[in-house]
Amino acid sequence: MSALEAGASLAPQEYAVTRADLVRYAGASGDFNPIHWSDRVASAVGLPGVIAHGMFTMALAARAVAAWTDGAEVVDLGCKFTNPVVVPDDDGGVVVRVAGTVKSVEDGLVTIGLEVTCQGQKVLGMPKAVVRG
Amino acid sequence: MPVDSSLVGRVFPATTPYAVSEEKVREFAAATGTPYAGGPAPATFPIVVAFRAMNDFLAAEQVDLFRIVHGEQKFAYARPVVPGDVLSATLSVASLRQIGGNDIIGTTSEIRDAAGDLVCSTSATLVHRGEA
């Protein structure tokens, strides 16, 4: 983990998200909220379309952290869900991009600030992870 | 339908114990594209248990899941979740406010193992979209 020095930029990771991914995530997580699979219900509650589970997007952020840190133990993880990731009903889906910067390395803990975007727009607010270095 | 403001401070009963199997962890890792070769679960896995607590809460308050949008989630981990853990979550309502016809519900959940030791504490903000 010597590359995790304060100020280091971490290689951005890009993940495509399709409707099929949302269905799989619903099954794995137990979150069957129809706003993640039904256009009809999503529209009825005023959403722009079927949206990814916030926790799915957060899981992708955690996946990037695991890739950067070789699976280091996470002690803290958090974000706000500021903009929905709207997932089209096609085969390509939409791309979520996770970038990261090492904010600090102190007392054996590495704090990573994240930037999670979709189509150029930030979708998570103040995403942050703290891992054991 | 505004959520009852007397809910703040209320602690809901612990969820029924959830046995973390390696198969379930593998399934969660696969669903999120996370490489998994055994050992600790991916960081967001505790949401599986926290979500059960949220579902119980919504059912008790007769709130429809489809009116809920996730506003915020934070995890503080005492240790990673590993297969073999038997976990339950205890949810309490930390805050409640109404903005523009929506209820903003702040919850915290403690996830404990079979010995009662804290594994993870997590807080969530749930946005309950009012009926237009």
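Notes on the structure in this doc start here. Not measured: the values here are computed from a predicted model. (Residues numbered from 1 in each chain as written. Chains lettered and ligands numbered in written order. Predicted model: local features only at pLDDT ≥ 70, side-chain atom pairs only at ≥ 80, totals over all residues. Heavy atoms only, no water.)

**What about the interface of chain A and chain B?**
Contact residues are listed per partner, giving 31 residues for chain A and 29 residues for chain B. The largest per-residue losses of area from chain A upon contact with chain B belong to A28, V45 and M55 of chain A, which jointly make up 21% of the total buried on that side. Summed over the shared surface of chain A and chain B, the number is zero salt bridges. The tally of links between chain A and chain B comes to ten residue pairs in polar contact (both at pLDDT 80 or more). Mapped by element, the contributors of at least two residues to the side of chain A that touches chain B are α1 (19–29), α3 (54–69) and β2 (74–81) of chain A. (Contact = heavy atoms within 4.5 Å. Buried area = accessible area lost by both parts, 1.4 Å probe. Salt bridge = Lys/Arg side-chain N within 4 Å of Asp/Glu carboxyl O. Polar contact = N/O pair within 3.5 Å; in protein donor to acceptor, adjacent residues only side chain to side chain. Helix = DSSP H or I, 4+ residues; strand = E, 2+ residues; numbered from the N terminus.)

**Remarks on the nonpolar core**
Ranked by internal contacts, the top residues of the largest apolar core, which has 78 residues, are L77 and V98 of chain A together with F45 and F57 of chain B. Among the nonpolar cores identified, the runner-up in size contains seven residues, and I35, V41, A42 and V45 of chain A belong to it. (Core = buried A, V, L, I, M, F, W, Y, C linked by side-chain atoms within 4.5 Å. Buried < 20%, exposed > 50% of the residue type's maximum accessible area, 1.4 Å probe, protein only.)

**Some details on the pairing of strand β4 (residues 109–118) of chain A**
Residue and element names in this part refer to chain A. Among the ten residues in β4, eight count as buried, and that is most of the element. Two elements, strand β3 (residues 94–106) and β4, share ten bridges in a ladder whose sense is antiparallel. Within β4, the position partnered with S104 by the bridge is T111. Counted along the chain from β3 to the antiparallel partner β4, the turn is two residues long, and its residue D107 has a positive phi close to 50°. Where β4 lies against strand β6 (residues 124–132), five bridges are found, and the strand directions are antiparallel. When the bridges of β6 are listed, I112 appears paired with A129. With two bridges connecting them, β4 and strand β5 (residues 121–122) associate as antiparallel partners. For C118, the partnering residue across the bridge sits in β5 and is Q121. (Pairing = 2+ DSSP bridges.)

**So, the environment of D103 of chain B**
Here D103 of chain B lies in strand β4 (residues 102–112). It is 7.2 Å that separates the C-alpha atoms of D103 of chain B and G130 of chain B, two residues lying 27 residues apart in sequence.

**Focus on the side chain of T32 of chain B**
Here T32 of chain B is to be found in the loop between α1 (22–31) and α2 (47–60). T32 of chain B has contacts with Y25, F56, A59, L60 and R63 of chain A, leaving out every residue within four places of it along the chain.

**So, a nonpolar patch on the surface**
On the surface, a nonpolar cluster with roughly 350 Å² of combined accessible area is contributed by V23, F32 and W37 of chain A. Along the chain, F32 of chain A falls in the loop between α1 and α2 (39–44). (Patch = residues over 30% accessible without salt bridge, like charges linked within 9 Å, V, L, I, M, F, W, Y side chains within 5 Å. Areas by Shrake-Rupley, 256 points an atom, 1.4 Å probe, with all protein chains shown as cover.)

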